[in-house]
Amino acid sequence: MRRISSSKKGKPYGNVKPKNYRAIYEEKFYDILLQLRYPLMTIIFFTTLGVLMLMIINQKTDGKSVLNYLFHTIITFSTVGYTEGYDTERLMLNRFFTSIFIIITLPLVYMYGLVSVVNIFMNSNIQEIYRYWRMYKNMEKLKGHYIVCNFNGITKELIKVLKKRKIKFVLIEPDRSKEEEIKEFGVEFYVIDEPYKRDVLLGVGIEKARGLITAFEENTQDIAVIVTARLIRPDREGFYIVSTATNEESAEKMKLLGSNEVIVPNIAIGRRIASFIFHRSTPILDRFLERIAYGERTDIDLIEVYIDDKNELIDKKLKDIKLPQETGTTVVAIIKENGKMKISPSGDTVIDRGDHLILLGHPKALRRAEEFIKKYHIETEAIS
Amino acid sequence: MIKWGKVWSDFFIFLALTSNVGFIFSGDPYQLIIALGVNLIATVLKFGAKKILAAELLATALVADLHLIPATILYFTHTHVDLAIGLAIGAVIANVISIIMLIIEIIFEYSKEEDY
């Protein structure tokens, strides 16, 4: 038999369509309309019938009379009911018809028709549906955003920083009971769904996203999310995944499976405590590096620049490069190829191949410095 | 198996066309009221249908209503009776299009049933 098969050129992650969150709420709106069908039909049917019958009984078809009959019909079934409001020769017949009409239309049109129309509107939460619909409509436009999985203490802190830096993100939380809390926390985009599903990740725009953060309490859930995300976005450079693990063994596994960075909370906390013991804070220099790293200070940043063996800067002294004068950044440390670190190198320090220069400065100046160092790169690829 | 919900809505869609045509040829006020009522019901019954062409079907029904409501007003105020007939003809065309789309939808649905 003829079959409209979907065996087009398959995608590496299988033939999964993105879940369309907007359409879900559009359908909810259609469901409200669907419920309105029969009540509205009853109202229209009996209005037409009433006008027609009054036209037949009174034998009048001029515009004024028809409008009077329409008015009469509506005040009858809506139980407003004063008398005819027009002169007629067949008053008794008219009233006989109206009596029967009221008996039929009071339950059908008033109780079933009008009351249920009002009821449907009152109970259907149209405002809520509209709110979701608008959120998901805007979510579809997101580009270069981050996906955050699970709403907990760790991600709450992360969300605060992302909001401060005005970075867009979508939160995925499988537990529906947390929805109120998420709403109160002021999360702009969220879905209540299972993040390890391909259609969910595609639905929140993973193909256009810049990275994904997964911080479940259980390693298995994190691994499921990492694997699914890497399946859709295999490029480690283009799509950045950060996750949390409860132990080092799982952390290693997550890295092998595709996570760019894995944080083990217990180890991180332990090291932080140690750092407080060895570096007592002073009022001015209070957690200086921490504030840079956590994005509290947006005017200063650290970057790392690698000097490969095709760079003209090799064998030059730091003071000859004039990096502070040219770009406004400072070399605070050099990490040698063998892993040894040279802190605050003097101007006479010579740059070797394989060095990593650690630069400190304003984000704009750092970008200038990167360009500056790139300029000295010898373009040999073009010749070969 | 006959789906009675479908009979109900299809019945009103066809009746909308026939009653409309009836008004054009008779020019009778009773027929106009019937045509208007039936057209409105046909519109309401298309609410919330989640099928292909649902939007188009609803649109044609609304077009028919927006022809017939002014036609009714014009007819009963005795200002432009000719125009009222003209508007009713417009509504008939909308009804015909709606029936064509209904048939397309039926064909699509049958081919889908064959597939799966």
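Conventions and cut-offs
Residues numbered from 1 in each chain as written. Chains lettered and ligands numbered in written order. Predicted model: local features only at pLDDT ≥ 70, side-chain atom pairs only at ≥ 80, totals over all residues. Heavy atoms only, no water. Buried < 20%, exposed > 50% of the residue type's maximum accessible area, 1.4 Å probe, protein only. Helix = DSSP H or I, 4+ residues; strand = E, 2+ residues; numbered from the N terminus. Pairing = 2+ DSSP bridges. Right-handed = clockwise from strand over helix to strand, strands pointing away. pLDDT = per-residue confidence, 0-100. Axes fitted to C-alpha atoms, helices over the stretch in contact; angles between N-to-C directions. Phe/Tyr/Trp six-rings, centres within 6.5 Å; stacked < 30°, edge-to-face > 60°. Lys NZ or Arg CZ within 6 Å of the ring centre and 35° of its normal. Salt bridge = Lys/Arg side-chain N within 4 Å of Asp/Glu carboxyl O.

Undergrad: Quick rundown of the pairing of strand β5 (residues 240-244) of chain A? Include the residues and the values.
TA: Residues and elements named next belong to chain A. Most of β5 is tucked away: 4 of the 5 residues are buried. When strand β4 (residues 211-214) meets β5, the two strands line up parallel, connected through 4 bridges. Pairing of glycine 211 across the sheet is with tyrosine 240, part of β5. Crossover connection from β4 via helix α8 (residues 219-232) to parallel β5: handedness right-handed. Bridge count between β5 and strand β6 (residues 261-263): 3 bridges; the pairing is parallel. Across the sheet, valine 242 pairs through a bridge with glutamate 261, a residue of β6. Traced from β5 through helix α9 (residues 248-257) to β6, the parallel crossover comes out right-handed.

Undergrad: Give me the lowdown on the confidence of the model for chain B, citing residues and values where you can.
TA: With 96% of its residues at a pLDDT of at least 70, chain B reaches an overall mean of 87. Looking over chain B, one finds the lowest element-wise mean pLDDT in helix α4 (residues 81-115) of chain B, namely 87, and the highest in helix α2 (residues 29-45) of chain B, namely 92.

Undergrad: Provide a residue-level description of the sheet that holds strand β10 (residues 356-361) of chain A, including the pertinent values.
TA: Residues and elements named next belong to chain A. Pairing is antiparallel across the open sheet formed by 4 strands, whose spatial order is β7-β10-β8-β9. Two strands close off the open sheet at either side, each with one partner strand: β7 (301-306) and β9 (341-343). Taking the axes of each pair of neighbouring strands and ignoring which way they run, one obtains an average angle of 25° across the sheet. As paired elements, strand β8 (residues 330-335) and β9 share 3 bridges and run antiparallel to each other. Directly across from alanine 333, in β9, lies its bridge partner isoleucine 343.

Undergrad: Requested: an account of the packing of aromatic side chains, with residues and values cited.
TA: All names here are of chain A. With the rule as written, the count across this model stands at 13 aromatic pairs over all chains. Between tyrosine 69 and tyrosine 86 the ring centres are 5.3 Å apart and the planes differ by 75°, which places this aromatic pair in the edge-to-face class. Here tyrosine 86 lies in the loop between α2 (63-77) and α3 (91-123) and tyrosine 69 lies in helix α2, a separation of 17 residues in the sequence. For tyrosine 69, a relative accessible area of 2% puts it in the buried group. The class of tyrosine 86 is buried, set by a relative accessible area of 12%. Cluster of aromatic residues (ring-pair linked, three or more members): Tyr21, Tyr25, Tyr132 and Tyr136. In this arrangement the basic side chain of arginine 131 is found over the ring face of tyrosine 132, its NZ or CZ atom lying 4.8 Å from the centre.

Undergrad: Got a sec to walk through the pattern of salt bridges? Specific residues and values, please.
TA: The full count for this structure, using the stated rule, is 16 salt bridges over all chains. Put simply, lysine 336 of chain A and aspartate 355 of chain A hold a salt bridge, and the shortest N to O gap is 3.2 Å. Here the residue lysine 336 of chain A occupies a position in the loop between β8 and β9, and aspartate 355 of chain A occupies one in the loop between β9 and β10, the gap between them amounting to 19 residues. For the pair lysine 336 of chain A and aspartate 355 of chain A, a shared accessibility class is recorded, and that class is buried. Measuring nitrogen to oxygen at the nearest pair gives 3.8 Å for the salt bridge that ties aspartate 10 of chain B to lysine 6 of chain B. Of this pair, aspartate 10 of chain B and lysine 6 of chain B both sit in helix α1 (residues 4-26), 4 residues apart, which is roughly one turn of the helix. Among the residues examined, lysine 6 of chain B registers a relative accessible area of 21% and is labelled partly exposed. Taken together, the shared-partner salt bridges in this structure form one network comprising Glu128, Arg131, Glu180 and Lys183 of chain A.

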